[in-house]
Amino acid sequence: MSDTNLTPTAAAGFARSLWRDHRVWLASGLILAGVGVVDPGQARDSVAFTATALLNTAPFLLLSILVAAWAMATGADNLIAKAFTGAPAVMIFMAALAGGLSPFCSCGVIPLIAALLAMGVPLSAVMAFWLASPVMDPSMFVLTVGVLGLEFAMAKTLAAVGLGIFGGWAVHLLARVGGLSAPLRDGIGGGCGGGKLREPKPVVWRFWQSADRRAQFGREALSVALFLAKWLTLAFLLESLMMALVPAETVTSILGGTGLGPIALGTLVGVPAYLNGYAALPLVGGLIEQGMAHGAGLAFLVAGGVTSLPAAIAVWALVKPRVFVLYLVLSLSGAFAAGLLFQLWIVA
């Protein structure tokens, strides 16, 4: 009798565990199965499209995996500690540069931000890093080049650093008139990212000479490879369906053109529609091929990367409401400005 009572509970637990650990793969499988029932021909086309797209991006994918694994194995993320020392202007610039160009610890940016604020690092420098870090890193740069081209990758990098500098200086000026003290919620502080700042360790460039670091390189490479594979598979699958089901004229009429409207819409749509930094790249590539303005695409990527629902929830849980609102305002206004500048560059 007890076995009978336990069976549904065990099954529910297994289902929850399976969804938690493999929800991206399961989502891809469910989408493909659903398409196969409705339109078997489109399902076959989507599989072929996804496989071809993954094959075409494989060299960039491999390079991005190696970069991420190298950063972890050498301890290059420890260099981030140097971004939060010096005069305010120097701190803001270095924090934005570190956020836009450097990989950070694998335990996540939220514990690192909590550690920075708990240690008394000025909110201006923390905000600069916080705004820039989700938008670009070396792995993201490589994949952006492969999917959207070098010009777009450079624009996204400049947007990341520029957004960080803009946000950092805005917070610095607001802090001078008061109202931004004690930004963390009560009981928040510390975190596994703090160790890199309290006691930064030296970078071991020749990591292959250490068995532990070689093993760490292998673990990180496998982890990043699986992460990118599942998200890019889902992204290319969605892109194939989008290109088949959404008429190009519709995309062109809504997000095309060179006015402010498409860029503003791209900024706002990026908040709820953004999936993942890597998954968003092929989706934006498909939209641009259908007529989406380049500036709207950049605004979508920047706004979505910083203010996507998971990121927003994490920020809300970490800081007080006034800092959260400021974070959103800076993110959206900065993304819009980046998209506008890039569009002006494209049409010039």
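Just so we're clear, the structure is a prediction, and the values are computed from it rather than from any experiment.

Trainee: Would you mind showing me how to read the overall build of the chain here?
Mentor: A tally of helices and strands in the chain yields 15 helices and 0 strands. The proportion of buried residues among the 348 residues of the chain is 46%. Sequence-distant contacts in the chain: of pairs separated by 6 or more residues, those separated by 24 or more amount to 83%. Entry remark: accessible area of the chain is about 16400 Å², with carbon and sulfur atoms responsible for 70%.

Trainee: Looking at this model, I keep getting lost on the packing of helix α2 (residues 40-74) against helix α6 (residues 138-148). Mind explaining?
Mentor: When two helices pack together, their arrangement is given by the angle between the helix axes and by the axis-to-axis distance. Between α2 and α6, the shortest axis-to-axis distance is 8 Å and the interhelical angle comes to 175°. Between α2 and α6, the angle is such that the two are roughly antiparallel. For the pair α2 and α6, the contacting residues are T57, F60, L61, L63, S64, V67 and A68 in the first and P138, S139, V142, L143, V145, G146 and V147 in the second.

Trainee: How should I be thinking about a nonpolar patch on the surface in this particular structure?
Mentor: On the surface, V90, F93 and M94 cluster together to form a nonpolar patch covering roughly 250 Å² of accessible area. Looking at where F93 falls in the secondary structure, it is placed in helix α3 (residues 88-101). The exposure class assigned to F93 is partly exposed, which follows from its relative accessible area of 43%.

Trainee: Would you mind going over the nonpolar core with me for this structure?
Mentor: As a rule of thumb, soluble globular proteins bury nonpolar side chains together. Within the largest apolar cluster, 72 residues are counted, with the highest numbers of intra-cluster contacts made by I113, W130, L298, L301 and V319. The contact partners of L298, leaving out residues within four places of it in the chain, are F152, A155, K156, A159, A338, G339 and F342.

Trainee: Help me out: how do you make sense of α3 in this one?
Mentor: Three- or four-residue spacings in an α-helix give side chains the same orientation, since the helix completes a turn every 3.6 residues. For α3, which comprises 14 residues, the first-to-last C-alpha distance of 20 Å matches the rise-based estimate of 20 Å (1.5 Å per residue) to within 8%. Taken together, the buried positions of α3 are M91, I92, A95, A96, A98, G99 and G100. Next to the buried residues of α3 lie α5 (123-132) and α7 (150-176).

Trainee: Sorry if this is basic, but what is going on with the environment of S181 here?
Mentor: Within the secondary structure, S181 is located in the loop between α7 and α8 (195-198). As a C-alpha pair, S181 and L123 span 58 residues in sequence and 8.5 Å in three-dimensional space.

Trainee: Sorry, what's going on with the environment of G270 here?
Mentor: Tracing the sequence through the fold places G270 in helix α11 (residues 260-273). Once the C-alpha coordinates of G270 and A280 are considered, the two residues, 10 residues apart in sequence, prove to be 9.5 Å apart.

Trainee: How do you make sense of the side chain of S124 when you look at a structure like this?
Mentor: Summarising the element assignment, S124 is placed in helix α5. Other than its neighbours up to four places away in sequence, S124 contacts I92, G168, V171 and H172.

Trainee: Help me understand the packing of aromatic side chains in this model?
Mentor: Any pair of aromatic rings gets described here by the distance separating the centres and the angle formed by the planes. The tally for this structure, following the rule as stated, stands at 5 aromatic pairs. Seen in terms of ring centroids, W70 and W205 are 5.7 Å apart; in terms of plane orientation they differ by 25°. Their pairing is stacked. With W70 in helix α2 and W205 in the loop between α8 and α9 (211-245), the pair connects residues that are 135 residues apart, well separated along the chain. A relative accessible area of 33% places W70 in the partly exposed class. With 5.3 Å between their ring centres and 85° between their planes, F152 and F342 make a pair best called edge-to-face. Residue F152 is located in helix α7, and its partner F342 is located in helix α15 (residues 321-347); the two are separated by 190 residues in the primary sequence. The burial state of F152 is the same as that of F342; both residues are buried. Cluster of aromatic residues (ring-pair linked, three or more members): F207, W208 and F217.

Trainee: I keep staring at the confidence of the model for the chain and nothing clicks. Help me out?
Mentor: As a general rule, the predicted coordinates of low-pLDDT regions are not to be interpreted in detail. Here the chain averages 79 in pLDDT, while 78% of its residues score no lower than 70. Per-element confidence in the chain ranges from a low mean pLDDT of 52 for α8 to a high of 92 for α7. The low-confidence segment residues 190-194, where pLDDT is below 50, has 15 contacts with residues more than four positions distant or belonging to other chains.

Trainee: Any chance you could explain the side chain of Q42 here in plain terms?
Mentor: Structurally, Q42 is set in helix α2. Every residue in contact with Q42, bar those within four places of it in the chain, is listed here: V35, S240, L241 and A244.

Conventions we followed
Residues numbered from 1 in each chain as written. Predicted model: local features only at pLDDT ≥ 70, side-chain atom pairs only at ≥ 80, totals over all residues. Heavy atoms only, no water. Helix = DSSP H or I, 4+ residues; strand = E, 2+ residues; numbered from the N terminus. Buried < 20%, exposed > 50% of the residue type's maximum accessible area, 1.4 Å probe, protein only. Contact = heavy atoms within 4.5 Å. Areas by Shrake-Rupley, 256 points an atom, 1.4 Å probe, with all protein chains shown as cover. Axes fitted to C-alpha atoms, helices over the stretch in contact; angles between N-to-C directions. Parallel < 35°, antiparallel > 145°, perpendicular 65-115°, else oblique. Patch = residues over 30% accessible without salt bridge, like charges linked within 9 Å, V, L, I, M, F, W, Y side chains within 5 Å. Salt bridge = Lys/Arg side-chain N within 4 Å of Asp/Glu carboxyl O. Core = buried A, V, L, I, M, F, W, Y, C linked by side-chain atoms within 4.5 Å. Expected span 1.5 Å × (residues − 1). Phe/Tyr/Trp six-rings, centres within 6.5 Å; stacked < 30°, edge-to-face > 60°. pLDDT = per-residue confidence, 0-100.

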